[in-house]
Amino acid sequence: MTLANKITLLRILLTPFLILCTLEAANAEWFRYLAASLLFLVGIGDVVDGYIAKKRNEVTTLGRFLDPVADKFVVISLCIVLSSRFWPGPHLPYWLAALILCRELFVIVGFLSLSLTTAHASPWPCLLGRINNNAQQVMYGVVIVGNVMPDFVLTFFWWGTGFFSLISALAYMWLGVRILSERQGYKTDIDRSAQEVT
């Protein structure tokens, strides 16, 4: 296993401890800051594993799947916890939590559907997807330490994250339609060639 994949696995293993800290924040304030620190480590790991994989030319099929799994594990788990009654606050607005969860579900279902219909499906995120993932993690960090954040800062990150969630979902939709169109064009060319032969 490559070094980049090991770092990605470490991100996945750290996520349950991150979630546990957020759940314990209601009992002790210091868990809030421990959660923020773990989220920072997970975010740094996300940057480092991608850099190492490209720098060492160690981009693997396993890594292409583990990286988005690690991202979605963090994004979906924190979205649920930070909008729940178990989190002492500030809470994610319900509209933002619903938007994030619907967007993630849409991407997952879209990828699985493309995987069943074409060999060209890849979980590797587009640029807007990567920007959205980074925006979400920064927003989660702001919410976790939101007890010392002004309301306008929280509102700014909520609306910014909502914007990127919506735009990146549209970008993935466009990519999916393009992949299906290219596949349909490829099949049409094959059918035409077969007709010419016969």
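Residues numbered from 1 in each chain as written. Predicted model: local features only at pLDDT ≥ 70, side-chain atom pairs only at ≥ 80, totals over all residues. Heavy atoms only, no water.

**Topic: the overall build of the chain**
Counting secondary structure elements, the chain contains 6 helices and 0 strands. Overall, the chain shows an N-to-C arrangement of helices and strands of α-α-α-α-α-α. Put simply, the chain has 198 residues, and 43% of those count as buried. Restricting the contact set of the chain to residue pairs at least 6 apart, pairs at least 24 apart contribute 79%. Counting every atom, the chain has about 11300 Å² of accessible surface; 71% of that belongs to carbon and sulfur. (Helix = DSSP H or I, 4+ residues; strand = E, 2+ residues; numbered from the N terminus. Buried < 20%, exposed > 50% of the residue type's maximum accessible area, 1.4 Å probe, protein only. Contact = heavy atoms within 4.5 Å. Areas by Shrake-Rupley, 256 points an atom, 1.4 Å probe, with all protein chains shown as cover.)

**Considering the nonpolar core**
Within the largest apolar cluster, 31 residues are counted, with the highest numbers of intra-cluster contacts made by Leu78, Leu82, Leu92, Met139, Tyr140 and Val143. The set of elements that each furnish at least two residues to this core consists of α1 (3-24), α2 (29-55), α3 (61-82), α4 (94-117), α5 (127-144) and α6 (151-197). Here this core takes 6 residues from α3, the largest share from any one element. (Core = buried A, V, L, I, M, F, W, Y, C linked by side-chain atoms within 4.5 Å.)

**Quick word on α2**
The end-to-end C-alpha distance of α2, which contains 27 residues, comes to 40 Å, matching closely the 39 Å that a straight helix rising 1.5 Å per residue would cover. Regarding α2, the residues found buried are Phe31, Arg32, Ala35, Leu38, Leu39, Val42, Gly45, Asp46, Asp49, Ile52 and Ala53. Buried-residue contacts for α2 involve α1, α3 and α5. Directly after α2, the chain includes Asn57, whose backbone phi takes a positive value near 55°. (Expected span 1.5 Å × (residues − 1).)

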